[in-house]
Amino acid sequence: MPPEDTDELDRRLGPVDFDHPRKVDEREVIAVNAALFLRRPLLVTGSPGVGKSTLPYQVTRELRLGPVLRWPINSRTTLRSGLYEYDAIGRVQEARRRVEANDMEPETDIGDYLQLGPLGTALLPHELPRVLLIDEFDKGDADLANDLLDVLEEGSYKIPELYRIRARNPEVTVPTSDHGHPARIKEGMVRCRAFPFIVITSNREREFPPAFLRRCVQFEMPEPGPERLADLVAAHFSTAAGPHKDRLIQEFMSYRKRQPVAADQLLNALYLAIQRSGQEPEADDEGWRQVLEVVLQRLDTVNTA
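Residues numbered from 1 in each chain as written. Predicted model: local features only at pLDDT ≥ 70, side-chain atom pairs only at ≥ 80, totals over all residues. Heavy atoms only, no water.

Moving on to the sheet that holds strand 10 (residues 197-202). Pairing is parallel in the open sheet, where five strands are placed in the order 2-5-10-1-11. Because the sheet does not close on itself, it has two edges, and the strands there are strand 2 (69-72) and strand 11 (217-220). Ignoring strand direction, the axes of neighbouring strands in this sheet form an average angle of 20°. Across four bridges, strand 1 (residues 42-45) lies against strand 10 in parallel orientation. The partner of Leu-43 across the bridge, within strand 10, is Ile-200. Contacts between helix 2 (residues 26-38) and the sheet are confined to strand 1, strand 10 and strand 11, with strand 11 contributing the most and set at about 165° to the helix. Where helix 3 (residues 55-63) meets the sheet, it contacts strand 1, strand 2, strand 5 (131-135) and strand 10, and its direction lies at approximately 175° from that of strand 5. (Pairing = 2+ DSSP bridges. Helix = DSSP H or I, 4+ residues; strand = E, 2+ residues; numbered from the N terminus. Axes fitted to C-alpha atoms, helices over the stretch in contact; angles between N-to-C directions. Contact = heavy atoms within 4.5 Å.)

Now the structure itself:
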């Protein structure tokens, strides 16, 4: 397994304080444990900005499971793109170039034209479970959830391009989503050893098929209260916002009572204000107030003025 992604974890979570452990929702702990023991994906739903995407980074840090693999979803995402990509056109062009140049060197290995995606990398036979974030799953095509079922059920997949040549080339080395850590694929098949811990996030923009929901452990992440907001601020800014953390959270909570806003908007506003002043914003800083007004725009309407 690749080394622990400490830079990414520090950015997402901040330092671990063993004397003052992070307070978590008991339901969140139960959901994570259930997903781990049952070998099922954890489907985390909730409003944008409540911290859904930070959950896998917290789990991998606490369990020391290595860097998180992230698979961002959009309307063009397919199951195959999550498993692997194959540059067939590039391989044909290279073969044509060699013929035209009368190049007698050995043919380029097919593994040079394959790349395992985040899901495909997570399903490699690692000693410990890999952590995979499938982000904003509801933005994908309606068929993606059903396409994913068999792979999640079996914990394995076939690469047809390698399976067809397994008799003459039984083992092929291919790059993975862990840059600098290639994998050896035997006879065109990949089967996990330790089932990955998969977190699927959704902003509830659409419904998923019942068959997919039955195979997931579901957790609804609530809007963050003052304690969780304090964790988020401390995790992203360490001690930079410490002296004013309570005031900043109170202002955000006040904004949220008047209009729907997300926690990451608070973090963005704080970051901009600190960068603007070079220090923590003071309570009477008019620039900080202006930043809040700009960044903490309501999420349910669009300003067309």
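With that settled, consider unusual backbone geometry. One non-glycine residue, Glu-136, lies in positive phi territory at about 55°. Residue position: Glu-136 is located in the loop between strand 5 and helix 7 (144-154).

Considering all chains together, one arrives at three aromatic pairs under this definition. The rings of Phe-137, Phe-208 and Phe-212 are connected pair by pair, giving a single aromatic cluster. (Phe/Tyr/Trp six-rings, centres within 6.5 Å; stacked < 30°, edge-to-face > 60°.)

What follows concerns the packing of helix 2 against helix 3. Interhelical geometry of helix 2 versus helix 3 gives an angle of 70° and a closest axis separation of 12 Å. Accordingly, the angle class assigned to the pair helix 2 and helix 3 is roughly perpendicular. Side by side, helix 2 and helix 3 meet where Glu-28, Val-32 and Leu-36 of the first sit next to Leu-55, Gln-58, Val-59 and Leu-63 of the second. Each residue belonging to the contact of helix 2 with helix 3 can be placed in one class, and the counts come to five nonpolar, one polar and one charged. (Parallel < 35°, antiparallel > 145°, perpendicular 65-115°, else oblique. Nonpolar A, V, L, I, M, F, W, Y, C, P; charged D, E, K, R; others polar.)

Regular strands show a simple pattern: their side chains alternate between the two faces of the sheet. Among the six residues that make up strand 10, six are buried, leaving the element largely enclosed by the rest of the structure. What you see with strand 10 is no split at all: Phe-197, Val-199 and Thr-201 on one side and Ile-198, Ile-200 and Ser-202 on the other are buried throughout. Two elements, strand 5 and strand 10, share four bridges in a ladder whose sense is parallel. When the sheet's bridge partners are listed, Leu-132 is paired in strand 10 with Ile-198. (Buried < 20%, exposed > 50% of the residue type's maximum accessible area, 1.4 Å probe, protein only.)

Next up on the list: the pattern of salt bridges. Scanning the model with the defined rule gives nine salt bridges in all. The partner of Arg-184 in a salt bridge is Glu-171, and the shortest N-O contact between them spans 3.4 Å. With a gap of 13 residues between them, Arg-184 in strand 8 (residues 183-186) and Glu-171 in strand 7 (residues 171-174) connect regions that are remote in the sequence. (Salt bridge = Lys/Arg side-chain N within 4 Å of Asp/Glu carboxyl O.)

Position of Glu-187 among the secondary structure elements: in the loop between strand 8 and strand 9 (189-191). For Glu-187, a relative accessible area of 47% translates into the label partly exposed. Distance from Glu-187 to Lys-158, taken between C-alpha atoms, is 9.0 Å for residues 29 residues apart in sequence. The residues contacting Glu-187, other than those within four sequence positions of it, are Tyr-163, Arg-166 and Pro-170.

The subject of this paragraph is helix 5 (residues 88-100). With 13 residues, helix 5 should cover 18 Å at 1.5 Å per step; its first-to-last C-alpha distance of 19 Å lies within 8% of that length. Residues Gly-90, Glu-94 and Arg-98 constitute the buried set of helix 5. Buried positions in helix 5, seen along its axis, are confined to an arc of 75° and lie on one side of it. Those residues of helix 5 that are exposed and angled more than 90 degrees off the buried face are Ile-89, Arg-96, Val-99 and Glu-100. Looking one or two places after helix 5, you find Asn-102, whose phi comes out positive at around 55°. (Expected span 1.5 Å × (residues − 1). Arc of directions from axis to C-beta.)

We now examine helix 3. Counted residue by residue, helix 3 has seven buried out of nine residues, so it is predominantly covered. When helix 3 is considered as a whole, its buried residues turn out to be Leu-55, Pro-56, Tyr-57, Gln-58, Val-59, Thr-60 and Arg-61. Once helix 3 ends, the next one or two residues include Arg-64, with phi positive near 55°.

Here the focus is the nonpolar core. Counting residues in each nonpolar core, the largest one holds 41 residues, and the members touching the most others are Phe-137 and Phe-212. Residues contacting Phe-212, with those up to four places away along its chain left out, are Leu-43, Phe-137, Ala-145, Leu-148, Leu-149 and Ile-200. Counting residues in each nonpolar core, the second largest holds 18 residues, with Val-44, Leu-55, Tyr-57 and Val-199 among its members. (Core = buried A, V, L, I, M, F, W, Y, C linked by side-chain atoms within 4.5 Å.)

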